[in-house]
Amino acid sequence: MTSPTELVMITSILAMAFRMAAPLIYGTIGEAFAERCGVLNLGIEGMMLMGASAGFLVGYGTGDLWLGVGAAAVVGMMLGLVMAFFTVTLGAQQHVAGLGMTIACTGLSFYIYRISIVDVGGVPPHVKPFGTIPIPYLSDIPVLGDVIFNQHALIYIGIILVPLAAFILFKTRFGLSIRAVGENPSAADTAGINVFRIRYLCLAIAGGLSAVGGAWLSLSQSGMFLPGLTQGRGWVCIALVVFCNWSPLRILGGALLFGGIDALQLTMQGIGWRVPYQLFLMMPYVLTIIALVAVARRARAPAALLSSYKRED
Amino acid sequence: MAGFKITVERRLLPSKKLEIAAPILSILVALAISAIPISQGGVNPITGYYELFYGALGNKLSLTETFAMFSPLLLCGVAVALAFTCKFWNIGAEGQLYCGGLVAAFFAVNAGGLPAPVAIPLMLVAGFLGGGAWAAVPAVLKVKLKVDEVVTTLLGNWVMYYLVSAILFGPWRNPKTGWPESPIIADSTFYPILVPGSRFHFGIVVSLLIAVAFYIILKKTKWGFELLAIGGNPASSQAMGISVARQIVLAAIVSGGIAGLAGVGQVAGIHYHMKTDLSPGFGYTGVVIAMVGGLNPIGVVLASFLMAVVVQGTQAMHRATGVPWALAEVIQGIILLCLLVGIFFTKYRVRRVKA
């Protein structure tokens, strides 16, 4: 039997796992849309940072955090369209364009923050972050209630997004088009699917979701913006989408696993255990490389990933 | 505009003139676009750019600092360009730099007693092997198991970063100061300072020699020819009798090794210990440099110098005008994105034709 203190601790770690998973869920579902249509979006890290920055600035300026989330989504979608312009319209190499987006957006996210907010010294400006919203009755369930049903609004939305994304990708015409474009763009084109429009749409979705994942960090988790706030979470999403085999339903489990590793590491540091926490932070990347090797023989990545499409007419 | 439509057609041969003009025009356009954030920051862009260029090139001290920045950038640029030449998309130069720095520092900390002419070459070899070994992993995974190297090299950066961090916060933590940095390296492994009173160190010579070696490899050797052939068409290279898999692994190792030398330079020329913040992203800027330089050795040298000016000059502009230093990344990113537009125009012709 577990003692009450252990139970409290387990509950707290699991609840924290959900909170650490939240930005990963948004970013990875976005990345899944991008990669399913054949575009590797290495701009994700920059887009998350821009979402965190824009979300904070609007939330701080207007006092309305939801306006901040909305602003992040709009900025992210616009950045997704820019990424689409480079990779779809110009047919630029995807990893190079993505890296360019990330470098520019990483700088821009802090630049815009810095010129918008007058430095007063001391404590950086902050907002009162989103609080938890207990769901009536369900939040009274022991353990589970606190872990799942007493969470931030953006976590609930994130959890709903998972089956929604799976439904869109696998049960709708739009989803079928996305997958067709990602597997064989010229066949999709012949079948009357507008390859360019699908890729533009998917990248807008990818950008918008990644940016909301970034806004989670500034508006829900910390209530402030700092340079490099994402700490490489965009790259964790790149890892996670591969780890989860480009499948939205697996993304929830994968994000909770990676988020759980993070929560465990933070808790152990919190209670003063001297653990090399870096080995925990390294885990998502190592696990993904192992997963890549394990599935290598039966490659499942969208076949057209990394290739641009030009109609030869 | 009625009666016209825009058509895009592929050029039969990429325009040679445009291949040279594209990077230059892209840089100019990028600087013009970057004037927008500068003026939004409350600074007249002309004043801003004056401070940038003066701060990077205006006097002896600033020029030596720009060269100290140029050295790791050039090495990373060559590392990426060499790998990209045979279409091994190595975006792991950052991790390879850290691995090279780590291995070299391990050697250099324990190299007391060896004279400098022995210690420094051995340290370079150690750093090269460290970076090369880290790049060999994704290369072998690519050729043996067809694991995509874009993802593995990128994720490898973070594995290496946390590994270095774990070592520096753990066994190597400085017992006196408590800082996460290795013990100081042996005196004999310090890179000689070539301009007294500055940080213009021996590593700058190393990086230029590597750039010359890259030129010779590409233009004069069979291996360079093979790398270019693989980059052009892997299948027909295989048919021509080139062992594509072996050359890709070899190129990855040399590429990682060169990035490792950038780590050696930062350890032995600048900091004199291994640090967690050894690089502010030189490996990623290396990708920008390789692309702006058109994977061409001379182009890479020029692009590295430009990026060194941008990074160093932005710090000067920051000090003089208060514009946030993050501008350096903004300019780098915009240059790369503008270049991608430029590359498009070298490959395609855009015309207005009668509908």
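Summarised in this report is the structure supplied together with it.

What counts, and at which threshold
- Residues numbered from 1 in each chain as written.
- Chains lettered and ligands numbered in written order.
- Predicted model: local features only at pLDDT ≥ 70, side-chain atom pairs only at ≥ 80, totals over all residues.
- Heavy atoms only, no water.
- Helix = DSSP H or I, 4+ residues; strand = E, 2+ residues; numbered from the N terminus.
- Rg over C-alpha atoms; globule rule 2.2 N^0.38 Å.
- Buried < 20%, exposed > 50% of the residue type's maximum accessible area, 1.4 Å probe, protein only.
- Contact = heavy atoms within 4.5 Å.
- Buried area = accessible area lost by both parts, 1.4 Å probe.
- Salt bridge = Lys/Arg side-chain N within 4 Å of Asp/Glu carboxyl O.
- Polar contact = N/O pair within 3.5 Å; in protein donor to acceptor, adjacent residues only side chain to side chain.
- Patch = residues over 30% accessible without salt bridge, like charges linked within 9 Å, V, L, I, M, F, W, Y side chains within 5 Å.
- Areas by Shrake-Rupley, 256 points an atom, 1.4 Å probe, with all protein chains shown as cover.
- Expected span 1.5 Å × (residues − 1).

Right, let's talk about the overall build of chain A for a bit. Within chain A, the regular secondary structure consists of 12 helices and 2 strands. Sequence-ordered secondary structure for chain A, helices as α and strands as β, is α-α-α-α-β-α-β-α-α-α-α-α-α-α. A compact globule built from 313 residues should have a C-alpha radius of gyration of about 20 Å, and chain A, at 20 Å, falls within 12% of that. Each principal axis of the C-alpha distribution contributes one length, and for chain A these read about 70 × 50 × 40 Å. Burial status across chain A gives 56% buried among its 313 residues.

Chain A puts 43 residues into the contact, and the matching count from chain B is 45 residues. In total, about 3900 Å² of surface goes out of reach between chain A and chain B, with carbon and sulfur atoms giving 83% of it. On the chain A side of the interface with chain B, the three residues burying the most area are Ile103, Tyr111 and Gln278 of chain A, jointly 16% of the side's total. In this structure, the connection of chain A to chain B is made through 0 salt bridges. In this assembly, chain A and chain B are joined by 2 residue pairs in polar contact (both at pLDDT 80 or more).

Moving on: the pattern of salt bridges. Residues and elements named next belong to chain B. In total, this model carries 4 salt bridges over all chains according to the counting rule given. Lys142 is the partner of Glu149 in a salt bridge, and the nearest nitrogen-oxygen pair spans 3.1 Å. By relative accessible area, Lys142 is classed as partly exposed at 22%. Among the ionic pairs, Lys275 bridges to Asp277, the shortest N-O distance being 3.6 Å.

Before going further, it helps to examine a nonpolar patch on the surface. Residue and element names in this part refer to chain B. On the surface, a nonpolar cluster with roughly 470 Å² of combined accessible area is contributed by Val212, Tyr215, Ile216, Ile298 and Leu302. Of all the secondary-structure elements, those providing two or more residues to the nonpolar patch are helix 7 (202–220) and helix 12 (297–321). No other element matches the 3 residues that helix 7 contributes to the nonpolar patch. Tracing the chain through its elements places Ile216 in helix 7. Take Ile216: its relative accessible area is 40%, and that puts it in the partly exposed class.

Here we come to helix 10 (residues 244–271) of chain B. All names here are of chain B. Here helix 10 is 28 residues long and its end C-alpha atoms lie 39 Å apart, about the 40 Å a rise of 1.5 Å per residue gives. Of all 28 residues that make up helix 10, 23 are buried, and the element is covered over most of its length. Looking one or two residues beyond helix 10, the residue adopting positive phi is Tyr272, at roughly 65 degrees.

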